[in-house]
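So the chains spell out like this:
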Amino acid sequence: MRSQAFRYVLCFSLLEILLLVLLVWNMHAGSVEFAPGEVVGTLLSGPESGIIWGIRLPRVLAAAILGGALSVSGFLLQTFFSNPIAGPFVLGISSGAKLTVSLVMIVLLSRGVVISSMALIIAAFAGSMASMGFILLLSRRVKQMSMLVVSGVMIGYICSAITDFVVTFADDSNIVNLHNWSLGSFSGTSWDSVRLMAWVVGLSLLFTFLLSKPIGAYQMGEVYAQNMGVNIKRFRVELILLSSVLSACVTAFAGPISFVGIAAPHLIKSLFRTAKPIVIIPACFLGGAAFCLFCDLIARTAFAPRDMSISSVTAVFGAPIVICLMASPRAGRGEGAL
């Protein structure tokens, strides 16, 4: 027990140090470079620097918050489906959110209506829930989890096809806005958006953490969870709602981002060698935040001053992890899970 507790403390410390280094590095690197001392000095002195306080810091915070949210959402879906490669992007949940957000953007922008961040979150949540609803309906007929994941991929393709069909009838200006958003990016994030996403993600994480004990019981099987007094029907609804809100928030603010919801929880469980929710939930948030900060750093600096799509970078690093996960039967389960 002491060695396990020491491992938890060590791993959390490493994640926090990594996150801090990436935060400073992201604010240092760019077309205009600042020395690490200048970054820290500017942050301590106040919002005098327009570049750091007005552009880089909101983007960095958005990458950390949304990356952590996507990682926790992936962990919840992996728990719900008992499948290590379940995630918002793979199951078509992100594609469903993309479809509804695209429809809202095209309809409202064509009429000159300004779209609020909350409206995008609500639209993305509706799309997420619709995709999840189709998957749950299929789960009653499809018993094999591998086939259910394939069904989720097909739902994602259908949503993407409908989105492409709708785009063909949109105005050129709307297509540009939609195209830029659909590539996935943390650029252009404002402080108002950071505040709103912090509230939404923070409350969702709080409720998720309060479900740590039921999630731990559910990992042992439905029968065990019922014997421990868990209301399975209500618990499933809560799990679906929380995972959908987290993934919808990411899609609304940054567009669809791939592989983070699968790769980050897998790396965290392998690092901590456990799947205990009370440990993995905060660790997944820190790991997802660090993963997205690292990918966003590459997206900003690899071909500066041009920004790459964040999904392209996360795919480069996340896809090999998923391949290793599928190749190794024990990967993603967490050594000594409970």
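Residues numbered from 1 in each chain as written. Predicted model: local features only at pLDDT ≥ 70, side-chain atom pairs only at ≥ 80, totals over all residues. Heavy atoms only, no water.

Chemist: Whenever I open this one, empty space enclosed by the protein confuses me. Can you help?
Modeler: The gaps of empty space that remain are located by a probe, the size of a water molecule, rolled over the atoms. The tally for this structure, following the rule as stated, stands at one cavity of 30 Å³ or more. There is about 40 Å³ of room inside the largest cavity. In terms of lining, the largest cavity is formed by Leu70, Gly87, Pro88, Phe89, Val90, Ser94, Ile257, Ser258, Phe259, Val260, Gly261 and Ile262. Here the lining of the largest cavity takes three residues from helix α12 (residues 260-272), the largest share from any one element. (1 Å grid on protein atoms, 1.4 Å probe; cavity = no way out; pocket = protein on both sides within 12 Å on 5 of 7 lines; lining within 4 Å. Points joined across faces, edges and corners; volume = space filled by probe spheres on them. Helix = DSSP H or I, 4+ residues; strand = E, 2+ residues; numbered from the N terminus.)

Chemist: Where do I start with the pattern of salt bridges in this structure?
Modeler: Counted under the stated rule, the structure contains four salt bridges. The partner of aspartate 296 in a salt bridge is arginine 59, with the nearest N and O atoms 2.9 Å apart. With a gap of 237 residues between them, aspartate 296 in helix α13 (residues 277-301) and arginine 59 in helix α3 (residues 50-81) connect regions that are remote in the sequence. No difference in accessibility class separates aspartate 296 from arginine 59, as the two residues are buried. Across the pair arginine 236 and glutamate 222 runs a salt bridge, and its minimum N-O distance is 2.3 Å. In this pair, arginine 236 is assigned in helix α11 (residues 232-254) and glutamate 222 in helix α10 (residues 222-227), connecting sequence segments 14 residues apart. For glutamate 222, a relative accessible area of 36% gives the class partly exposed. (Salt bridge = Lys/Arg side-chain N within 4 Å of Asp/Glu carboxyl O. Buried < 20%, exposed > 50% of the residue type's maximum accessible area, 1.4 Å probe, protein only.)

Chemist: Explanation requested: α12 in the structure shown.
Modeler: In an α-helix, one full turn covers 3.6 residues, which means residues spaced three or four apart are oriented alike. Over its 13 residues, α12 runs 18 Å from end to end, which matches the ideal 18 Å to within 8%, given 1.5 Å per residue. With ten of 13 residues buried, α12 is to be regarded as a mostly interior element. Those residues of α12 not exposed but buried are Val260, Gly261, Ile262, Ala263, Ala264, Pro265, His266, Ile268, Lys269 and Phe272. Taken from the residues just after α12, arginine 273 is the one with a positive phi, measuring 55°. (Expected span 1.5 Å × (residues − 1).)

Chemist: Just to check I follow, could you spell out the nonpolar core for this structure?
Modeler: Within soluble globular proteins, side chains that are nonpolar tend to cluster in buried spots. Counting 88 residues, the largest nonpolar core has Leu66, Leu76, Phe81, Phe186, Ile215, Ile257 and Phe272 as the members making the most contacts within it. The greatest single-element share of this core, amounting to 17 residues, is contributed by α3. Apart from the residues lying within four places of it in its own chain, the contact partners of phenylalanine 272 are Arg7, Tyr8, Cys11, Phe12, Leu15, Val279, Ile280 and Ala283. With five residues, the next largest nonpolar core counts Ile85, Val90, Val149 and Val322 among its residues. (Core = buried A, V, L, I, M, F, W, Y, C linked by side-chain atoms within 4.5 Å. Contact = heavy atoms within 4.5 Å.)

Chemist: I tried to follow the packing of aromatic side chains on my own but got confused; where do I start?
Modeler: Overall, the coordinates contain five aromatic pairs when judged by the stated rule. Look at phenylalanine 80 and phenylalanine 81: their rings are 4.9 Å apart centre to centre, the planes differ by 80°, and that puts the pair in the edge-to-face class. Each member of the pair, phenylalanine 80 together with phenylalanine 81, is buried. Centroid distance tyrosine 218 to phenylalanine 235: 5.1 Å. Interplanar angle 45°. Geometry classified as tilted. Note that tyrosine 218 is positioned in helix α9 (residues 212-219) and phenylalanine 235 in helix α11, a separation of 17 residues in sequence. Of the two residues, tyrosine 218 and phenylalanine 235, both sit in the buried class. These aromatic residues form a ring-pair network of at least three members: Tyr8, Phe12 and Phe272. (Phe/Tyr/Trp six-rings, centres within 6.5 Å; stacked < 30°, edge-to-face > 60°.)

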